[in-house]
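What the coordinates show
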Amino acid sequence: MAKIVPLTDARTLPGGAAPLDALVARTPGSPGLPTDRRGRALHDLRISVTDRCNFRCVYCMPKEVFGRDHAFLPHDELLSFEEITRIARAAVGLGVAKIRLTGGEPLLRRKLERLIAMLASLSPDLDLTLTTNGALLARKAAALADAGLKRVTVSLDSLDDATFRAMNDVDFPVADVLEAIAAAERAGLAPVKINMVVKRGLNEESIVPMARHFRGTGAIVRFIEYMDVGASNGWRLTDVVSAREIVERIDRVAPLQPIDANYEGEVAQRWRYRDGSGEIGVIASVTQAFCHDCTRARLSTDGKLYTCLFATHGHDLRALLRRGDDDASLRRALDAIWRARGDRYSELRSQATAGLAKVEMSYIGG
Ligand code: SF4
């Protein structure tokens, strides 16, 4: 978890603004939109608005690590909505066209609709979306849509109630998540995407039922290979059910064909049912790395910018904001961070890299 840095010392302490100042100083300014060292543009920004969650999914926030006495970030360490919006504005100016709010569970952040309205006002073309576990979505969907949210992605790892309750580890029922998905559709937050993380021996038997249930409904299920995110989920390569196997399992009962990505850098590979009854996505982050066109940056709850989901440290934008830097300085810092980026963790992944110290997904957003 983040170290508490007295603001007055932020220039001098590791993890404060000083390393970022040095990076900006050695990065030549350029008028165009930045690309990183591998020629990738900045297109997506994922913003974690809280490190808390009301689930304890075994692959993300296992109870043994995130128990009752776990120290989450105190409120004054979180970026305020105004701070988030300033960073988002700078990012949009550098090419970001899609913002996804994440957590933890983002709907636990109070008055989130206010942040959504602030972000929606940055650009009418901004693709503004949110990933949620669905527990609070049914009651909030209409207000989120009214504030300017365009779509939601709901995490649901199984339709089998016993399996799902075991995976979320707080005994939350499938039926309530299905009701939340319906409420999101009624509110116009469509197409709803449904993320299912597939772990060998845990929920692989739910792949086909999940595809069947949502086929023909307009919702898009995205099957995600189990990843070595964070340091607390005990990942092993043998836990991974490959995207290829997932597609083969579904294709056997409902024939599929591949379709083009919606845009360059889209994470999911798209497949449509040959009979026209909809599409699915598979996210093959382990077996078919897609670092070569990865255009995503992640902003942690306490204002650190990470240029890879598997990064070991982030750039402290909060320190810049709280010492009074103006918007032009903030933009220069973001520009320099992106130009210095060379991340390609998934291309280098092995059983050995899985053990490296990485930030937790609940802190950085998925
Ligand atoms: S490993 Fe890092 S660079 Fe590669 S796709 Fe994932 S987030 Fe992007």
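Residues numbered from 1 in each chain as written. Predicted model: local features only at pLDDT ≥ 70, side-chain atom pairs only at ≥ 80, totals over all residues. Heavy atoms only, no water.

With respect to helix α3 (residues 112–120)
Threshold: Relative accessibility thresholds used throughout: buried, under 20% of the residue-type maximum; exposed, over 50%; partly exposed, between the two (1.4 Å probe, protein chains only). The numbering of helices and of strands both runs from the N terminus, where a helix is a DSSP run of H or I of at least 4 residues and a strand a run of E of at least 2. The directions from the helix axis to the C-beta atoms form the arc being described. Any two residues whose heavy atoms approach within 4.5 Å at even a single point are treated as in contact.
Those residues of α3 not exposed but buried are Leu-112, Leu-115, Ile-116, Met-118 and Leu-119. One side of α3 carries all its buried residues, which in axial view fall inside an arc of 160°. Buried-residue contacts for α3 involve α2 (81–93), β2 (98–102), β3 (127–132) and α4 (137–147).

What about the site of the ligand?
As a reminder, the rule being used: Note on terminology: near, applied to a residue and a molecule or strand, indicates that one of the residue's heavy atoms is within 4 Å of it. Classes in brief: Ala, Val, Leu, Ile, Met, Phe, Trp, Tyr, Cys and Pro nonpolar; Asp, Glu, Lys and Arg charged; the others, Gly included, polar.
Near the ligand, the surroundings consist of Phe-290, Cys-291, Cys-294, Arg-296, Arg-298, Cys-308, Leu-309, Phe-310, Arg-341, Asp-343, Tyr-345 and Ser-346. Elements with a minimum of two residues in the shell around the ligand: β10 (296–299) and α11 (345–348). For the shell around the ligand, the residue count by class is seven nonpolar, one polar and four charged.

Describing the sheet that holds β3
The test is simple: Note on pairing: two strands pair once DSSP finds at least 2 bridges between them.
With respect to topology, twelve strands assemble into an open sheet ordered β7-β8-β9-β6-β5-β4-β3-β2-β1-β10-β11-β12, the strand pairing being mixed. Because the sheet does not close on itself, it has two edges, and the strands there are β7 (256–259) and β12 (315–316). When strand β8 (residues 269–273) meets strand β9 (residues 279–283), the two strands line up antiparallel, connected through four bridges. Bridge assignment links Arg-270 to a residue of β9, and that residue is Gly-281.

Some details on the pairing of β3
How we decide: Seen with its strands pointing away from the viewer, a crossover is right-handed when the path leading from the first strand over the helix to the second is clockwise.
With five of its six residues buried, β3 lies for the most part within the structure. Following the backbone out of β2, through α3 and into the adjacent parallel β3, one traces a crossover that is right-handed. As defined by bridge partners, β3 adjoins strand β4 (residues 151–155) across four bridges and the pair is classed as parallel. The residue of β4 that forms the bridge with Thr-131 is Thr-153. This β-α-β element, β3 to α4 to β4, shows right-handed connectivity.

Some details on the pattern of salt bridges
In plain terms, the rule: Salt bridge criterion: a side-chain nitrogen from Lys or Arg within 4 Å of a carboxyl oxygen from Asp or Glu.
Taken as a whole, this structure holds 27 salt bridges when the rule is applied. Here Lys-63 and Asp-169 are joined by a salt bridge, their closest N and O atoms 3.9 Å apart. Taken as a pair, Lys-63 in the loop between β1 (44–48) and α2 and Asp-169 in the loop between α5 (161–168) and α6 (174–186) lie far apart in primary sequence, 106 residues in all. Across the pair Glu-204 and Arg-200 runs a salt bridge, and its minimum N-O distance is 3.0 Å. According to the relative accessible area criterion, Glu-204 is buried, its value standing at 11%. Residues joined by salt bridges that share partners form a network here, namely Arg-200, Glu-204, Glu-205, Glu-245 and Arg-249.

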